[in-house]
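Letter by letter, the chains look like this.
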Amino acid sequence: MDLGLRDKVGIVTGAGWGIGKAVAVGLAEEGAKVVIADLDEKRGAAAAEEIKSKGGQALFVKTDVTSWENVEQLVSATLKEFGQIDILVNNAGAWTIDFFARIPREKWAVDIGVNYYGTLNTCKAVIDHMISRKTGCIVNVGSDAGRVGEPNQPVYSGAKAAVIGFSRALAKDVGRHNIRVNAVCPSLTVGERRLEMEEKMKQENPEAYAKYEEQQAKVVKLYPLRKVGKPEDLANMIVFVASELRAGHLTGQTISVNGGYCML
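Residues numbered from 1 in each chain as written. Predicted model: local features only at pLDDT ≥ 70, side-chain atom pairs only at ≥ 80, totals over all residues. Heavy atoms only, no water.

Trainee: Sorry, what's going on with the packing of aromatic side chains here?
Mentor: Describing an aromatic ring pair means giving the distance of the ring centres and the angle of the ring planes. A complete count under the given rule lists four aromatic pairs for this structure. Ring centres of Phe-100 and Trp-108 lie 5.6 Å apart, and the angle between their planes is 20°; this geometry places the pair in the stacked category. (Phe/Tyr/Trp six-rings, centres within 6.5 Å; stacked < 30°, edge-to-face > 60°.)

Trainee: What am I meant to see in the pairing of strand S3 (residues 57–62) here?
Mentor: Working note: regular strand, side chains alternate between the two faces of the sheet. Summarising the sheet, strand S2 (residues 33–38) and S3 pair through six bridges and their orientation is parallel. Bridge pairing in S3 links Val-34 to Ala-58. (Pairing = 2+ DSSP bridges. Helix = DSSP H or I, 4+ residues; strand = E, 2+ residues; numbered from the N terminus.)

Trainee: Looking at this model, I keep getting lost on the pairing of strand S4 (residues 87–90). Mind explaining?
Mentor: With burial as the criterion, each face of S4 is covered, one bearing Ile-87 and Val-89 and the other bearing Leu-88 and Asn-90. Note that strand S1 (residues 9–13) and S4 share three bridges and pair parallel. Paired with Val-12 across the strands is Val-89, a residue of S4. Relative to strand S5 (residues 136–141), S4 runs parallel, the two being bridged by four bridges. When the bridges of S5 are listed, Asn-90 appears paired with Asn-140. (Buried < 20%, exposed > 50% of the residue type's maximum accessible area, 1.4 Å probe, protein only.)

Trainee: Please explain empty space enclosed by the protein as it appears in this structure.
Mentor: To find leftover empty space, a probe the size of one water molecule is rolled over the atoms. Going through the model one piece at a time under the given rule, you end up with one cavity of 30 Å³ or more. Here the largest cavity is characterised by a volume of approximately 30 Å³. Along the walls of the largest cavity sit Thr-13, Val-65, Asn-90, Asn-91, Ala-92, Val-114, Asn-115, Gly-118 and Thr-119, which together make up its complete lining. Its residues assigned to classes, the lining of the largest cavity comprises three nonpolar, six polar and no charged. (1 Å grid on protein atoms, 1.4 Å probe; cavity = no way out; pocket = protein on both sides within 12 Å on 5 of 7 lines; lining within 4 Å. Points joined across faces, edges and corners; volume = space filled by probe spheres on them. Nonpolar A, V, L, I, M, F, W, Y, C, P; charged D, E, K, R; others polar.)

Trainee: Hey, could you run me through the nonpolar core in this one?
Mentor: With 32 residues, the main nonpolar core has Val-12, Val-23, Leu-27, Ile-36, Val-89 and Ile-238 as its most contacted residues. Listed by contribution, the elements that provide at least two residues to this core are helix H1 (18–29), S2, helix H2 (41–53), S3, S4, S5 and helix H9 (231–241). For this core, the element with the highest residue contribution is H1, accounting for seven residues. Within the second largest apolar cluster, 24 residues are counted, among which are Ile-11, Ile-127, Ile-138 and Val-181. (Core = buried A, V, L, I, M, F, W, Y, C linked by side-chain atoms within 4.5 Å.)

Trainee: For this particular structure, what's the right way to read the pattern of salt bridges?
Mentor: One side chain can pair with another of opposite charge once the charged atoms of both are near each other. For the coordinates displayed, the defined rule picks out nine salt bridges. One salt bridge connects Glu-244 with Arg-180, and the closest N-O pair in it is separated by 3.3 Å. A residue pair is termed long-range when its members are at least 10 positions apart, and Glu-244 in helix H10 (residues 244–247) and Arg-180 in strand S6 (residues 179–186) qualify at 64 residues. Residues joined by salt bridges that share partners form a network here, namely Lys-21, Glu-50 and Lys-54. (Salt bridge = Lys/Arg side-chain N within 4 Å of Asp/Glu carboxyl O.)

Trainee: What's the story with the sheet that holds S3 in this structure? I'm lost.
Mentor: Adjacent strands of a sheet pair through backbone hydrogen bonds, lying either parallel or antiparallel. Ordered in space as S3-S2-S1-S4-S5-S6-S7, the seven strands form an open sheet in which the pairing is parallel. Every other strand in the sheet has two partners, leaving S3 and strand S7 (254–257) as the edge strands with one partner each. Neighbour-to-neighbour, the strand axes of the sheet open up by a mean angle of 20°, direction not taken into account. Relative to S6, helix H6 (residues 154–174) is tilted by about 160°, and along the sheet it contacts S5, S6 and S7. (Axes fitted to C-alpha atoms, helices over the stretch in contact; angles between N-to-C directions. Contact = heavy atoms within 4.5 Å.)

Trainee: Before we go on, may I ask you to explain H1 in this structure?
Mentor: An α-helical turn contains 3.6 residues, so a residue and the one three or four places further along point in the same direction. The end-to-end C-alpha distance of H1 is 17 Å, a good match for the 16 Å that 12 residues give at a rise of 1.5 Å each. Along H1, 11 of the 12 residues are buried, which leaves the element largely enclosed by surrounding structure. Residues Gly-18, Ile-19, Gly-20, Lys-21, Ala-22, Val-23, Ala-24, Val-25, Gly-26, Leu-27 and Ala-28 constitute the buried set of H1. Downstream of H1 by one or two residues, Gly-31 has phi in the positive range, about 95°. (Expected span 1.5 Å × (residues − 1).)

Trainee: I tried to follow the packing of H1 against H2 on my own but got confused; where do I start?
Mentor: Packed helices, taken two at a time, are described by the angle their axes make and the gap between the axes. Running from amino to carboxyl end, H1 crosses H2 at an angle of 25°, the nearest separation of the two axes being 10 Å. Between H1 and H2, the angle is such that the two are roughly parallel. Handedness of the H1/H2 crossing: right-handed. Together, Lys-21, Ala-24, Val-25 and Ala-28 of H1 and Ala-47, Glu-50 and Ile-51 of H2 make up the contact between the two elements. Split by residue class, the contact of H1 with H2 holds five nonpolar, no polar and two charged. (Parallel < 35°, antiparallel > 145°, perpendicular 65-115°, else oblique. Left-handed = near helix turned anticlockwise from the far one by under 90°.)

Trainee: Looking at this model, I keep getting lost on the layout of surface pockets. Mind explaining?
Mentor: Space inside the largest pocket adds up to approximately 1,600 Å³. Forming the boundary of the largest pocket are 49 residues, of which Trp-95, Gln-153, Tyr-156, Thr-189 and Arg-194 lie nearest the centre. Of all elements in the fold, only H1, S2, helix H4 (105–133), helix H5 (144–148), H6, helix H7 (192–204) and helix H8 (206–220) reach the threshold of two or more residues within the lining of the largest pocket. Here the lining of the largest pocket gets five residues from one element, more than from any other, and that element is H7. Considered class by class, the residues forming the lining of the largest pocket number 25 nonpolar, 15 polar and nine charged. Here the second largest pocket defines a volume of roughly 250 Å³. Lining the second largest pocket are 16 residues; nearest its centre among them are Ala-22, Val-25, Pro-231, Glu-232 and Ala-235. Among the secondary structure elements, those contributing two or more residues to the lining of the second largest pocket are H1, H7 and H9. Considering each element in turn, the lining of the second largest pocket owes the most residues, six residues, to H1. Within the lining of the second largest pocket, the residues separate by chemical class into seven nonpolar, four polar and five charged.

Structure representation (structure tokens):
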């Protein structure tokens, strides 16, 4: 299926690995020019080189989405290299796992800053450009934690709920300019970071890993499809949503890709 993305320009934040990298690769496979925005210089540069090695066009820009100056530089570098911005995928994320009573106040800033303020920053930085061109697509990666709330992730759940609410409101704000805004939400998704953590635990603490495996077997039973997500599962939906040709009448929606874990 042709998604009509050839020669479109897309910025993907947190694209050095996991869901973000899968989205960047998916856009590139459709012929889009991709800007990899990530704080991890090694992973971000490697992701861009991987795309270019396969014949795609990619640019890596080291970016801290919580910094307005960094985000301005990201947009400036994108326009200098490719001349336009058609797609923005806000995927950069951070989370603290613990009960709320045990989370120090200073740790709130990370979850709120990266997930919510990072999304606000990048949207603000591209919106005038998109309005001037009367076209654009923004896909904000939310979370089912933001839809139903998850124990041990209270601040993260709140930040992602804010992202979802913001996405709906922004869609109403800018729809008249032919700009679409949607949120795509994962539940548990196993990517590079988690696989690396599992392998490290398996090597360093086999007993803890055995308990972890037992726990994960119970978690999988919460998913009607009896499996957790892969980055590519989310990427396939995000790339489709980014397509004006195939999803041009879709805006203001919150779409979960989660094996049935959360049904709203």
